[in-house]
Amino acid sequence: MASSETVCCICALFFGGIFCTLIWTATAKHTFQIDYENNCFKKDGESFRYISGSIHYSRVPRYYWKDRILKMYMLGLNAVHTYVPWNFHEVMPKKFVFDGDRDLEHFLQLANSTGLLVILRPGPFIDAEWDMGGLPAWILKKSNVVLRSSDPDYLAAVDQWMNVLLPKIRPFLYNNGGPIISLQLEDEYGSYFACDYDYLRHLVKLFRYHLGDEVILFSTDASSIHAVKCGTVDGLYATVDFGPTENITACFEVQRHFEPKGPLVNSELYTGWLDHWGEKHQVVATSIVTKALDTVLGLGANVNLYMLIGGTDFGYWNGANTPYAAQPTSYDYDAPLSEAGDLTDKYFAIRDVIRKYKKVPYGPIPPSVPKFAYGPVPLKKLSALSEMLDVMCPSGPVKSVYPLNFVQLNQYFGFVLYRTSLPKDCSNPTSLSSPLNGVHDRAYITVDGVPQGVLERDKMLSINITGKAKATLDILVENQGRISVGRYINECKGLITNLTLGKDFLTGWTMYPLRIDDAVGQGLKEKSHKSFLSSTSSTFSAPAFYIGSFDIPSGIPDLPQDTFINFPGWTKGQIWINGFNLGRYWPARGPQITLYVPRHILSTSAPNNITVLELEKSPCDVKPCVVEFVDTPVLNATVSNIFPGRKLLAGGH
């Protein structure tokens, strides 16, 4: 919040003119504390209760931060929760990025100038259905490292990161005139198998060293005695999280077991729920959410609404749960503000509950952002991916007797093409198998460019292929997102075990770590290569790039506008617009059909270039080869549940 300072203006005659100096004199210092005697927080000496909402700046374009934060303020919130994903800022070791959509300091400044406090969740682990729970995959280069523990290699990486992050945060602490009133260490650590108190104590000491002794540090865990017991230590104020259908009194009794005095806090009251590919879109009725919120506030508790706006997992940032199930590109979460920041009935119903307990801001609420249907855009096939390896892998391939995983290849996201030769004649269909479930996560198989099928983790471990001896076997492996919670966050990607052809292990691999985003950003160009091989399969075609462009007239007011892109007849792949990686599409599986396209990536002064990597089957041979821009999202397409009767580990979220 704005600091309490007095400005004095001293003016004097100096060389015939007026010379004025501004002198800043500090008055009362800001304080934010826990009042154990009165079971509340105290802000500047006065009793205080926060009503907060979660927004992940990493899932909302910087262009829209102000719009979303203002809508949160107008809802009646007085604080926001946000995570800091470590891997979003340090994708490669010691290469830190804090600009553009990663400008955390600008996000904090916007919250402050809007009048919202901040509860910051800097991890180092965050879950959040984010790739690897926010931990950078390069940590796994130490093959025996124990994540989220006092393992020396892990702590060295954590210390290196926090020595960069925490000094950036310190000026934004409330006692320093900024908006941050508290910080959460780790995330639901009590649900992790390690239960390493020395690790938590190390984090407390590290945070205190950089941030001082005045700021409140807290933990958040599921509302069970065991979870909180392993999730907190001295120096952390223990809070809980729970959903709107749980026994609220019983959940707070768990917190009271560890914090007999002090404010009641639900750090995550779920307003919706997360999706997985191949499952139905999750919704939580507004009436259920508002009833729970009313009960929590009626108890005098502090609360954070998770999520207030979900946002989008652009690029490759989505996480996954176990048994393996990846989240889609949309993180809409059925939240009060939609993925695109639209106002919903749930938003206004929550506002009505909040106004029973505090004054909500007076004035107009920023409206939903307009959407525009630009219509169909024709695409044309540019090239099979296998024909562009010199562009996609400029550093050249890596050779090994046995396949290497993504981390061993310094490839932390996206795709790797594994290539070898058939060691024998397979004129008759021969089984290509991953007997130890070693394809992480999905592999697209061709022999001499002819598509053979797909191997998929946990689901399709063997297919029959045909080809002559010494024919080229290409296996394009997609990392569909790392597990974001639980003991398996240390999983490897790629071909993590040997494949067999019949009874024989395949050897002699040439591996191409693909820098597709760099190549797309530089502009893909058509090359003179051998003609495309026609597919013998009605189900699959070889992975290939398709390109097209469309113009947005510059003379029409308010264009460009947000839009959504639909994929009629397409199967599964990745899409870029003007070099920006929108994310994964998979209408063949659902439930998400359209992808959100924010206006700031579009142009009215130049053609808007579309690049599609279709991995399985395009419509271009039999139907119009188009993608279509529409003004309404489709996130709830009916799909058959490909995970019948199983329970997913999805953390508290």
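Residues numbered from 1 in each chain as written. Predicted model: local features only at pLDDT ≥ 70, side-chain atom pairs only at ≥ 80, totals over all residues. Heavy atoms only, no water.

> Can you tell me about the overall build of the chain, naming the residues and giving the values?
Counting its regular elements, the chain contains eleven helices and 36 strands. Rg of the C-alpha trace for the chain: 26 Å, near the compact-globule value of 26 Å for 653 residues, within the 12% margin. Dimensions of the chain, computed from the C-alpha atoms along their principal axes, are close to 85 × 60 × 60 Å. Considering only contacts within the chain whose residues lie at least 6 apart along the sequence, 78% involve residues at least 24 apart. When the accessible area of the chain is evaluated, it comes to approximately 25600 Å², of which 53% is carbon and sulfur surface. Separation of charge centres in the chain, based on 59 positive and 63 negative side chains, amounts to 2 Å. (Helix = DSSP H or I, 4+ residues; strand = E, 2+ residues; numbered from the N terminus. Rg over C-alpha atoms; globule rule 2.2 N^0.38 Å. Contact = heavy atoms within 4.5 Å. Areas by Shrake-Rupley, 256 points an atom, 1.4 Å probe, with all protein chains shown as cover. Lys, Arg positive; Asp, Glu negative; His and termini not counted. Charge placed at Lys NZ, Arg CZ, Asp CG, Glu CD.)

> Please set out the side chain of Glu279 residue by residue, giving values where relevant.
If you trace the backbone, Glu279 turns up in the loop between strand E12 (265–270) and helix H8 (286–298). A distance of 3.2 Å separates a polar atom in the side chain of Glu279 from a polar atom in the side chain of His276. (Polar contact = N/O pair within 3.5 Å; in protein donor to acceptor, adjacent residues only side chain to side chain.)

> So what about the packing of aromatic side chains? Which residues, and what values?
For the structure shown, the criterion picks out 38 aromatic pairs. The interplanar angle of 45° and the centroid separation of 4.7 Å between the aromatic rings of Phe550 and Phe629 together place this pair among those described as tilted. Residue Phe550 is located in strand E30 (residues 544–550), and its partner Phe629 is located in strand E36 (residues 626–630); the two are separated by 79 residues in the primary sequence. Summarising the burial analysis for this pair, Phe550 and Phe629 share the class buried. These aromatic residues form a ring-pair network of at least three members: Tyr57, Trp65, Phe88, Phe107, Trp130, Trp317 and Phe413. Taking NZ or CZ as reference, Arg148 lies 3.6 Å from the ring centre of Phe125, over its face. (Phe/Tyr/Trp six-rings, centres within 6.5 Å; stacked < 30°, edge-to-face > 60°. Buried < 20%, exposed > 50% of the residue type's maximum accessible area, 1.4 Å probe, protein only. Lys NZ or Arg CZ within 6 Å of the ring centre and 35° of its normal.)

> Summarise the nonpolar core; cite the residues concerned and give the values.
Counting residues in hydrophobic clusters, the biggest one holds 163 residues, and the most contacted among them are Leu147, Leu183, Leu514, Ile516 and Ile610. Among residues more than four places away in sequence, those in contact with Leu183 are Leu120, Pro122, Ile169, Leu173, Phe207, Leu211, Val215, Ile216, Leu217 and Phe218. With 24 residues, the next largest nonpolar core counts Val416, Tyr418, Ala471 and Leu473 among its residues. (Core = buried A, V, L, I, M, F, W, Y, C linked by side-chain atoms within 4.5 Å.)

> So what's going on with the state of the cysteines? Residues and values would help.
Overall, the coordinates contain two disulfides when judged by the stated rule. Between the sulfur atoms of Cys195 and its disulfide mate Cys230 the distance is 2.0 Å. Since a negative S-S torsion denotes a left-handed disulfide, the Cys195-Cys230 link at about -85° is left-handed. With Cys195 in the loop between strand E9 (180–185) and helix H5 (197–211) and Cys230 in helix H6 (residues 225–231), this residue pair connects regions lying 35 residues apart in the sequence. Note that Cys620 is cross-linked by a disulfide to Cys625, the S-S spacing being 1.9 Å. Its torsion about the S-S bond being 55°, the disulfide of Cys620 and Cys625 is classed as right-handed. The disulfide pattern of the chain is 1-2, 3-4 when the bonded cysteines are numbered in sequence order. Here Cys492 stays free of any disulfide, with the sulfur of Cys393 as its closest cysteine sulfur at 20 Å. (Disulfide = S-S within 2.5 Å.)

> Any chance you could break down the pairing of strand E10 (residues 216–222) for me, citing the residues and the numbers?
Buried residues dominate E10, accounting for six of its seven residues. The pairing of E9 with E10 spans three bridges and is parallel. In the strand pairing of E10, Leu183 is matched with Leu217. Here five bridges tie E10 to strand E11 (residues 237–242), and the two strands are oriented parallel to one another. Bridged to Thr220 within E11 is Thr239. Taken together, E10, H6 and E11 constitute a β-α-β crossover, and its handedness is right-handed. (Pairing = 2+ DSSP bridges. Right-handed = clockwise from strand over helix to strand, strands pointing away.)

> Which residues make up helix H1 (residues 65–75), and what values do they have?
Most of H1 sits inside the fold, with eight of its eleven residues counted as buried. Burial in H1 covers these residues: Trp65, Asp67, Arg68, Ile69, Lys71, Met72, Met74 and Leu75. In this structure, the buried residues of H1 make contact with strand E6 (51–55), strand E7 (79–83), helix H3 (104–114), strand E13 (302–309), helix H9 (345–354) and strand E34 (595–597). Where H1 terminates, the next one or two residues include Gly76, which has phi positive at roughly 110°.

> Help me get a handle on H3, residues and values and all.
When H3 is considered as a whole, its buried residues turn out to be Leu104, Phe107, Leu108, Leu110, Ala111 and Thr114. Buried residues of H3 fall within an arc of 160° about the axis and therefore sit on the same side. Those residues of H3 hidden inside the fold are in contact with E6, H1, E7, strand E8 (117–123), helix H4 (152–169) and E9. (Arc of directions from axis to C-beta.)

> Just give me the short version of the packing of H4 against H5, but keep the residues and values in it.
In a pair of packed helices, the angle between the axes and the distance between the axes together describe the arrangement. Here H4 crosses H5 at 30°, and the two axes come no closer than 10 Å. Here H5 runs roughly parallel to H4, going by the angle between their axes. Every pair of crossing elements has a handedness; the one defined by H4 and H5 is right-handed. Contacts between H4 and H5 involve Tyr154, Leu155, Val158, Asp159, Met162, Asn163, Leu166, Pro167 and Ile169 on the former and, on the latter, Tyr199, His202, Leu203, Leu206, Phe207, His210 and Leu211. When its residues are assigned to classes, the contact of H4 with H5 shows twelve nonpolar, three polar and one charged. (Axes fitted to C-alpha atoms, helices over the stretch in contact; angles between N-to-C directions. Parallel < 35°, antiparallel > 145°, perpendicular 65-115°, else oblique. Left-handed = near helix turned anticlockwise from the far one by under 90°. Nonpolar A, V, L, I, M, F, W, Y, C, P; charged D, E, K, R; others polar.)

> I'd like a description of the sheet that holds strand E16 (residues 375–378), backed by residues and values.
With antiparallel pairing, four strands are arranged side by side in an open sheet as E16-E36-E31-E34. With one partner strand each, in any of the chains shown, E16 and E34 form the two edges of the open sheet. Taking the axes of each pair of neighbouring strands and ignoring which way they run, one obtains an average angle of 30° across the sheet. Here strand E31 (residues 563–566) pairs with E34 via three bridges, running antiparallel. Bridged to Thr563 within E34 is Val597.

> Quick rundown of the pattern of salt bridges? Include the residues and the values.
Opposite charge on two side chains allows them to pair when their charged atoms are near. With the rule as written, the count across this model stands at 27 salt bridges. When the shortest N-O distance is used, the salt bridge between Asp504 and Lys424 registers 3.4 Å. Taken together, the residues Asp504 in strand E28 (residues 504–505) and Lys424 in the loop between strand E19 (415–421) and strand E20 (426–433) connect sequence positions 80 residues apart. By relative accessible area, which is 38% here, Asp504 ends up partly exposed. Accessibility expressed as a relative area gives 29% for Lys424, which makes it partly exposed. For Asp441, the salt bridge goes to Lys493, with nearest N and O atoms at 2.6 Å. Remark: Lys493 occurs in the loop between strand E25 (472–478) and strand E26 (494–495) and Asp441 occurs in the loop between strand E21 (439–440) and strand E22 (442–447); sequence separation between them is 52 residues. In terms of burial, Asp441 and Lys493 fall into one category: buried. Each of Arg442, Glu456, Lys459, Arg589 and Glu616 takes part in a single network of salt bridges with overlapping partners. (Salt bridge = Lys/Arg side-chain N within 4 Å of Asp/Glu carboxyl O.)

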